[in-house]
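Spelled out from the first residue to the last, the chains are:
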Amino acid sequence: MASFSSLSRLTGCKRKAVFGTVMSRFRGKSDALTFGTAFHSSLEKGLDSGIAELRREHMHDSIPLLTEMWKRQTVFMADQGIEILEHELPFEITLPGLTEPFRGFIDGLAMWRDEVWLLEFKTARYIDASHVAIDSQVTSYLWACRETGLCEPKGVLYFINQKSMDKPPVVLASGHLSTAKNQGCSYDAYVQKAIEIYGDTPPAKVELFMEWLEQNEQPKLVMAAVKRTESQLDSFGEMVKEYVAEEQALKQALEEKGASVVIREQKCFPTGFCMKSCDYGFACKAMLLDDAIEFDKLDEQKFGEIFGA
Ligand code: SF4
């Protein structure tokens, strides 16, 4: 099945893309992936559903974080007047001359300011929305809506919710509130604590710090409302056709020639940087040092023996 994530693998190192297909069965689900699934589930079916997902994967320690992020997201959307109409919209597009369709899921559909928008929920350690204006995933959703007639959204409401909890304000041994700029608490939490300790008359130093915090507090959730032009959707569609055809050809080659041959056929350009950042750097290195590795004959035991997993 061709999807946005499977096609995006083809935009980089081709050998890495084939490794991704061949080795994926040896890779367990990461905690980050489980957390992302739990977060989406909590937004679609309620917090209990997300918590159950974490419990199933023995990630009990992440329950407070999920709870805080779910609350942050739902409160933010209510404040913005965003009304969710549907969750998880599947789509499938058959491309001319190709047997593999392009498939995907859109996180949701909502009404905002009397207009229909698609929803995309992301979680991230650090908030950086600078890519959203050109992000291809956004383009893929809007292109899919146009091609299938699924709906006619204005654009995509793209949310990034920071994967971190609010820290409480630091109270010094003297009983006073700290005014250290790196204590990492929210403005609201700080003001609440200041009222608890000082009532309506906080010391001037604390009052000054509150002003600074109000102006400099980093958001824990950002929303970008993004649109695409018709010509951007057209060129995305052209690109998808090329990548789906390429993916289809690679899968066919894997069936006909086997993984060992196809992996070696993909040209690669290993560097220190890509070896460190690539999920299959270990396999790539082992293969480059030992030409005899048979990727078609790998089972759990052989995989462990060769790659020390
Ligand atoms: S380590 Fe580098 S060259 Fe090797 S598969 Fe990964 S990205 Fe490609």
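Residues numbered from 1 in each chain as written. Predicted model: local features only at pLDDT ≥ 70, side-chain atom pairs only at ≥ 80, totals over all residues.

Draft legend 1. Representation of the overall build of the protein. Scanning the protein from terminus to terminus reveals 13 helices and 5 strands. When its C-alpha atoms are laid out on the principal axes, the protein stretches across 80 × 50 × 35 Å. When the 309 residues of the protein are sorted by exposure, 23% land in the buried category. When contacts within the protein are restricted to residue pairs at least 6 apart in sequence, long-range pairs at least 24 apart make up 65% of them. (Helix = DSSP H or I, 4+ residues; strand = E, 2+ residues; numbered from the N terminus. Buried ≥ 20, exposed ≤ 12 C-beta atoms within 10 Å, placed from the backbone. Contact = placed C-beta atoms within 7 Å.)

Draft legend 2. Quick peek at helix α12 (residues 281-289). Within α12, the full set of buried residues consists of Ala283, Cys284 and Met287. Within α12, the buried residues cover an arc of 100 degrees as seen down the axis, which keeps them to one side. (Arc of directions from axis to C-beta.)

Draft legend 3. Focus on the environment of Glu247. On the secondary structure map, Glu247 appears in helix α9 (residues 230-257). Since 22 C-beta atoms lie within 10 Å of it, Glu247 is described here as buried. Other than its neighbours up to four places away in sequence, Glu247 contacts Ala2, Ser6, Leu7, Leu10 and Glu100.

Draft legend 4. Up close: the domain arrangement of the protein. By domain assignment, the protein separates into domain 1 (4-164 + 220-301) and domain 2 (167-219). One C-alpha centre belongs to domain 1, the other to domain 2, and the line joining them spans 39 Å. (Domains from an automatic or database assignment.)

Draft legend 5. Spatial organisation of the site of the ligand. With respect to spatial proximity, 13 residues lie near the ligand, and among them Cys13, Cys268, Cys274, Cys278 and Cys284 are the closest. Where the shell around the ligand is concerned, the elements lending two or more residues are α2 (14-23), α11 (272-277) and α12. The element contributing the most residues to the shell around the ligand is α2, with 3 residues. Among the residues making up the shell around the ligand, the classes are represented as 10 nonpolar, 1 polar and 2 charged. (Near = placed C-beta within 6 Å. Nonpolar A, V, L, I, M, F, W, Y, C, P; charged D, E, K, R; others polar.)

Draft legend 6. Expanded view of the sheet that holds strand β5 (residues 221-226). Across the sheet, which stays open at both edges, the 5 strands sit in the order β1-β2-β3-β4-β5 with mixed pairing between neighbours. Looking at the sheet topology across the chains shown, the edges are occupied by β1 (83-93) and β5. Averaged over all pairs of adjacent strands, the angle between their axes in this sheet comes to 30 degrees, without regard to strand direction. Bridging between strand β3 (residues 115-124) and strand β4 (residues 156-162) involves 7 bridges; their strand directions are parallel. In the strand pairing of β4, Glu120 is matched with Tyr158. Where helix α3 (residues 31-45) meets the sheet, it contacts β1, β2 (102-112) and β3, and its direction lies at approximately 145 degrees from that of β3. (Pairing = 2+ DSSP bridges. Axes fitted to C-alpha atoms, helices over the stretch in contact; angles between N-to-C directions.)

Draft legend 7. How the structure looks around the nonpolar core. In terms of nonpolar packing, the biggest core is built from 18 residues, with Tyr141, Val156 and Leu157 touching the most fellow members. When residues of this core are assigned to their parent elements, the largest contribution, 6 residues, is made by helix α6 (residues 136-148). Excluding its chain neighbours within four sequence positions, the residues that come into contact with Leu157 are Ile82, Ala110, Trp112, Trp117, Leu119, Met223 and Ala225. The next biggest cluster of nonpolar side chains, apart from the first, holds 16 residues, and it includes Val18, Phe19, Cys284 and Phe295. (Core = buried A, V, L, I, M, F, W, Y, C linked by C-beta atoms within 7 Å.)

Draft legend 8. The environment of Asp114, seen in detail. Structurally, Asp114 can be placed in the loop between β2 and β3. Under the C-beta neighbour-count criterion, Asp114 is labelled exposed, with 7 such atoms within 10 Å.

Draft legend 9. A look at the environment of Glu214. Mapped onto the secondary structure, Glu214 falls in helix α8 (residues 204-216). Its 12 C-beta neighbours within 10 Å are what place Glu214 among the exposed residues.

Draft legend 10. Region of the structure containing unusual backbone geometry. Phi at His58 is positive, roughly 60 degrees, even though this residue is not glycine. Summarising the element assignment, His58 is placed in the loop between α4 (47-56) and α5 (63-80). Its identity as a non-glycine residue notwithstanding, Glu88 has a phi of 50 degrees, on the positive side. Mapping Glu88 onto the fold places it in strand β1. Overall, Glu88 belongs to the partly exposed group, with 13 C-beta atoms counted inside 10 Å.

Draft legend 11. Molecular detail of the packing of α4 against α5. Look at α4 against α5: their axes get within 10 Å of each other, and the N-to-C directions meet at 155 degrees. As judged from the angle between their axes, α4 and α5 are roughly antiparallel. Like other packed secondary-structure pairs, α4 and α5 cross with a definite hand, here right-handed. The segment α4 lies against α5, with Leu47, Gly50, Ile51 and Leu54 engaging Ile63, Leu66, Thr67 and Trp70. (Parallel < 35°, antiparallel > 145°, perpendicular 65-115°, else oblique. Left-handed = near helix turned anticlockwise from the far one by under 90°.)

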